[in-house]
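A look at the structure
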Amino acid sequence: LLFIAFDVSAASNGTNKTDDEGRRQGYWLIKGYMDNNNVYSADELVEESTYVNDHKEGLWKKYFPGGSIKSEINYINNRPNGYYTVYYRNGQVEEKGNWARNKNTGEFKRFHDNGEPQQEFFFNDKGIRNGVQRYFHKNGQLSLEVSIVEGKEVGNMKRWNQKGHLVEEKEMSGGKLVEGSIKRHDVKKASAPIVEIPEDAKTSESTSDTTNDAHKF
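Residues numbered from 1 in each chain as written. Predicted model: local features only at pLDDT ≥ 70, side-chain atom pairs only at ≥ 80, totals over all residues. Heavy atoms only, no water.

Let us now look at the overall build of the protein chain. Helix and strand counts for the protein chain stand at 2 helices and 15 strands. The proportion of buried residues among the 217 residues of the protein chain is 38%. Of all intrachain contacts in the protein chain linking residues separated by at least 6 positions in sequence, the fraction that spans at least 24 positions is 25%. Surface exposure of the protein chain reaches about 12,200 Å², of which carbon and sulfur atoms provide 48%. (Helix = DSSP H or I, 4+ residues; strand = E, 2+ residues; numbered from the N terminus. Buried < 20%, exposed > 50% of the residue type's maximum accessible area, 1.4 Å probe, protein only. Contact = heavy atoms within 4.5 Å. Areas by Shrake-Rupley, 256 points an atom, 1.4 Å probe, with all protein chains shown as cover.)

Below, the structure written as structure tokens:
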């Protein structure tokens, strides 16, 4: 929630204006003293963009305390709609995708804080994962790959270690493991140490289609 406060200096520059009914109109600069989270200094910029009849419209930019970019989110009629990007505090992209009707749709990418890819998905118009899904180790090596049909794994699921060596294959059908299909590879023969597969990949036998935790719209 934001406190509606009148900023004389901003108003004199043509921003932070309200109409006769008190509705925010035009370009607004939301400063720390207008935000009740108490994590920004009074004059720090929290977010900025355009209001139309008190509703957010267009590309809104939000900032971390200290000034680095936190998110860039498109709004239509006060709701997130369209392409968005969320950032880490260090400036690296955390995730980017498309948002429609309270769901991810289309291409979705999430990154580690070092800039390497972490996840690559594709969501259909219903917000359900479809197509090839990939997870990556923090060093950029592919960790897991599997095809998804209507949110459920099908076909061959493969896992790799951080050295890029294939360590496991299994067959999936309708989101369930095909009995007796697990095939583990001896990476020692490839002169590479066995590296434990990340927990997020281990537990991704069936992937959730709920709202991602990285962003809170």
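Now, onward.
Here we come to the nonpolar core. With 21 residues, the main nonpolar core has Ile 30 and Tyr 84 as its most contacted residues. Mapped by element, the contributors of at least two residues to this core are strand S2 (24-31), strand S3 (45-52), strand S5 (69-76), strand S6 (79-87), strand S9 (117-123) and strand S11 (142-149). Here this core gets 3 residues from one element, more than from any other, and that element is S11. (Core = buried A, V, L, I, M, F, W, Y, C linked by side-chain atoms within 4.5 Å.)

Trans peptide bonds make up most of the peptide bonds, and negative phi angles are found at most residues other than glycine. Residue Asn 53 is not a glycine yet carries a positive backbone phi of 55°. Within the secondary structure layout, Asn 53 lies in the loop between S3 and strand S4 (55-63). For Asn 53, a relative accessible area of 38% corresponds to the partly exposed category. In the Ramachandran plot, Asn 78 falls in the positive-phi region, its phi being about 75° despite a non-glycine side chain. Owing to a relative accessible area of 37%, Asn 78 belongs among the partly exposed residues under this scheme.

Another aspect to go through is the pairing of S6. Two elements, S5 and S6, share 5 bridges in a ladder whose sense is antiparallel. When the bridges of S6 are listed, Ser 71 appears paired with Val 86. Hairpin remark: S5 followed by S6, antiparallel, with 2 residues in the connecting loop; positive phi at Asn 77, about 55°. Sheet analysis places S6 next to strand S7 (residues 93-100), joined by 6 bridges and oriented antiparallel. Counted as the bridge partner of Gly 82 is Trp 99 from S7. Counting the residues that bridge the hairpin from S6 to S7 gives 5 residues, and of these Gly 91 lies at a positive phi of roughly 95°. (Pairing = 2+ DSSP bridges.)

This next bit is on the packing of aromatic side chains. On inspection of all chains with the given rule, the structure shows 7 aromatic pairs. One aromatic cluster in this structure is built from Phe 108, Phe 121, Phe 123 and Tyr 135. The residue whose ring lies beneath Arg 24 is Trp 28, and the NZ or CZ to ring-centre distance is 5.9 Å. (Phe/Tyr/Trp six-rings, centres within 6.5 Å; stacked < 30°, edge-to-face > 60°. Lys NZ or Arg CZ within 6 Å of the ring centre and 35° of its normal.)

By the element assignment, Gln 119 lies in strand S9. Measuring from C-alpha to C-alpha, the distance between Gln 119 and Gln 133 comes to 7.6 Å, with 14 residues separating the pair along the chain. Other than its neighbours up to four places away in sequence, Gln 119 contacts Phe 108, Lys 109, Arg 110, Arg 134, Tyr 135 and Phe 136.

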